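Working through the structure, step by step
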Amino acid sequence: MTIEAEHICKSYDGQEVLHDFNLSIQSESCTLLIGRSGCGKTTFLRILLGLDKPDSGKIQLLGDYKYAYLCAGVVFQENRLCEQFSAVDNVAMVHKKITRQTARRELQRLLPDEVLDRRVGELSGGQKRRVAIVRACAVPADLLVLDEPFTGLDAQNRQKAIDYIMEKKGSNPLLLTAHEADGLDFCRKVSIV
Amino acid sequence: MKKKALVVLVWLCIWQLLAMIVHNDILLVGPAETVRALAVLLPENEFRISLMASFIRIVGGFLTGSVLGMLSAFLAYRKPLFGAFLSPLVTMLKTVPVVSFVILVMIWAGSERLSFLISMMVVFPILYLNTLHGFQSADRKLLEMAQVYHMPAWDRFHYIFFPSVYPFLLSGFRLALGMSWKSGVAAEVIGQPLHSIGNGLYRAKIYLATSEVLAWTIVIVILSWGFEKCFLRLFGFLDPSAGCGKKEAADDN
């Protein structure tokens, strides 16, 4: 599968955020969008995921893609977890194929056992972030979209998360955004200005 | 618990003291006289039938109004045009005095179903508005997450909408439970249906039997309080945060 973003333009309140932005995402590729805050990284991801419409330009799914929409595992800029439910619930809730057992097993890769049944609202920022990463990677998807996924993670947990993501992504493309490329040398870097 | 009992005891003493000061059985009787009147009423068949009939009518109205209010709110959230269509009706139900409705309903439907309909009309706007606010305050970002992950409708409701609606429903039910009893009994007093608490209260008033009026009132308070406690206890089982921390669910077995 190939995803082509062609001539994407987007403005908010008259202020242009994306201007004629082009990107090609190939199977198995790892793409890192780099840019200063407010340069349009998240805006592009929102357009890619169908949450926003571009003012002009288009996103095309090429190849023999069988769905009308993009099946993506997503880490949003904010965690977007249901805070009243446990980490296991949060991972299991997004797809009927993810049983609670599977969710638990996946979470154990990045989180200690004792926090898995705790309400997510009671977890630390870093723990919540890891729940969001596991949720994105556990869901059957054709693309991983990670918006600044390592925010709030220390160096050790960041590396563990990177290893986990690379293992789970398989042959699917990975698109992520970050302020800095530390530890992400395996990615093709695309700057948004 | 001890503190509560002490407070009740103090108020009973104040009541008894006031009754002794007034010293007029028509104006005010003390708790002892009231209990005596209640003891006379309790064995009467008519009394028990009246309690049962009023309970069924008022609780029936409360439950029907609640269900209609919640369903209408859901539809209004899904279809804003339906919400706009309902808006004048809800405003009218909220602002028009209950007594006007009592008279209108008596003309339209007679006094038999009066307390059921009035209780329902009082409860409907409370539950409608609370449920609608609950739906509207659901976290937009979580809804986007659900959209991206193509979460099924039931899961969206269970994990995103219900936790948002639950506190609004709880406060709505707390308010509506009391209101349904007050308005239902008031409607019965005006409408005088046979076999009703309102009818019993009215007859006690005609005979200036203040002790009997207070006995009926105590029974109303007990019924209303008991039903509120039971209902809120049952509703508490639906608290979305209560199930957190459970071990593996049945689907893993």
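Now for a quick tour of the structure. (Residues numbered from 1 in each chain as written. Chains lettered and ligands numbered in written order. Predicted model: local features only at pLDDT ≥ 70, side-chain atom pairs only at ≥ 80, totals over all residues. Heavy atoms only, no water.)

Here we come to the overall build of chain B. Of regular secondary structure, chain B possesses ten helices and zero strands. Starting at the N terminus and ending at the C terminus, chain B contains elements arranged as α-α-α-α-α-α-α-α-α-α. In terms of C-alpha radius of gyration, chain B reaches 23 Å, well past the compact-globule figure of 18 Å for 253 residues. For chain B, the spread of C-alpha atoms along the principal axes amounts to about 75 × 50 × 35 Å. The buried share of chain B, reckoned over its 253 residues, is 42%. Counted over contacts in chain B with a minimum sequence separation of 6, partners at least 24 positions apart contribute 71%. Looking at chain B as shown, the accessible area adds up to about 14400 Å², and 72% of this sits on carbon and sulfur atoms. Averaged over its 21 positive side-chain charges, chain B has a centre that lies 5 Å from the centre of its 15 negative ones. (Helix = DSSP H or I, 4+ residues; strand = E, 2+ residues; numbered from the N terminus. Rg over C-alpha atoms; globule rule 2.2 N^0.38 Å. Buried < 20%, exposed > 50% of the residue type's maximum accessible area, 1.4 Å probe, protein only. Contact = heavy atoms within 4.5 Å. Areas by Shrake-Rupley, 256 points an atom, 1.4 Å probe, with all protein chains shown as cover. Lys, Arg positive; Asp, Glu negative; His and termini not counted. Charge placed at Lys NZ, Arg CZ, Asp CG, Glu CD.)

Moving on to the environment of Val90 of chain B. All names here are of chain B. For Val90, the location among the structural elements is in helix α4 (residues 80-95). Between the C-alpha atom of Val90 and that of Ile126, which follows or precedes it by 36 residues, the distance is 9.0 Å. Ignoring anything within four residues of it in the chain, the contact list for Val90 reads Phe124, Pro125, Tyr128 and Leu129.

Within a sheet, each strand pairs with its neighbour through backbone hydrogen bonds, oriented either parallel or antiparallel. Residues and elements named next belong to chain A. Ordered in space as β5-β6-β7-β3-β8, the five strands form an open sheet in which the pairing is parallel. Single-partner strands in this sheet number two, and they are β5 (72-75) and β8 (188-191). The sheet shows a mean angle of 15° between the axes of neighbouring strands, direction not considered. For strand β3 (residues 30-34) and strand β7 (residues 174-178), the ladder comprises five bridges, and the chain directions are parallel. Paired with Thr31 across the strands is Leu175, a residue of β7. Along the sheet face, helix α4 (residues 125-138) touches β5 and β6 (143-147) and points at about 170° away from the line of β5. (Pairing = 2+ DSSP bridges. Axes fitted to C-alpha atoms, helices over the stretch in contact; angles between N-to-C directions.)

This paragraph deals with the interface of chain B and chain A. It is common to report an interface's size as the accessible area lost on association of the parts. Contacts between the two partners involve 24 residues from chain B and, on the opposite side, 30 residues from chain A. Buried area between chain B and chain A, both sides added, is near 2500 Å², and the carbon and sulfur share of it is 56%. Summed over the shared surface of chain B and chain A, the result is three salt bridges. Across the pair Glu144 of chain B and Arg80 of chain A runs a salt bridge whose closest N-O atoms are separated by 2.7 Å. The interface formed by chain B and chain A holds four residue pairs in polar contact (both at pLDDT 80 or more) in total. Sorting the residues of the side of chain B that touches chain A by element identifies α7 (140-148) and α8 (153-191) of chain B as the ones contributing at least two each. Sorting elements by how many residues they give to the side of chain B that touches chain A places α7 of chain B first, with six residues. The class makeup of the residues in the side of chain B that touches chain A is eleven nonpolar, five polar and eight charged. (Buried area = accessible area lost by both parts, 1.4 Å probe. Salt bridge = Lys/Arg side-chain N within 4 Å of Asp/Glu carboxyl O. Polar contact = N/O pair within 3.5 Å; in protein donor to acceptor, adjacent residues only side chain to side chain. Nonpolar A, V, L, I, M, F, W, Y, C, P; charged D, E, K, R; others polar.)

Our next topic: the pattern of salt bridges. Scanning the entire structure with this criterion turns up 14 salt bridges over all chains. Here Arg57 of chain B and Glu112 of chain B are joined by a salt bridge, their closest N and O atoms 3.9 Å apart. With Arg57 of chain B in helix α3 (residues 45-78) and Glu112 of chain B in the loop between α5 (98-109) and α6 (114-136), this residue pair connects regions lying 55 residues apart in the sequence. Given the relative accessible area of 12%, Arg57 of chain B is considered buried. A cluster of three or more residues bridged by salt bridges with shared partners is formed by Arg46, Asp52, Glu78 and Arg80 of chain A together with Lys141 and Glu144 of chain B.

Glancing now at helix α1 (residues 41-48) of chain A. Residue and element names in this part refer to chain A. Counting buried residues in α1 gives seven out of eight residues, a clear majority hidden from the surface. For α1, the set of buried residues is Lys41, Thr43, Phe44, Leu45, Arg46, Ile47 and Leu48. Following α1 by one or two positions, Gly50 has its phi on the positive side, about 85°.

It is worth stressing that arrangement in space is one thing and function is another; only the former is reported here.
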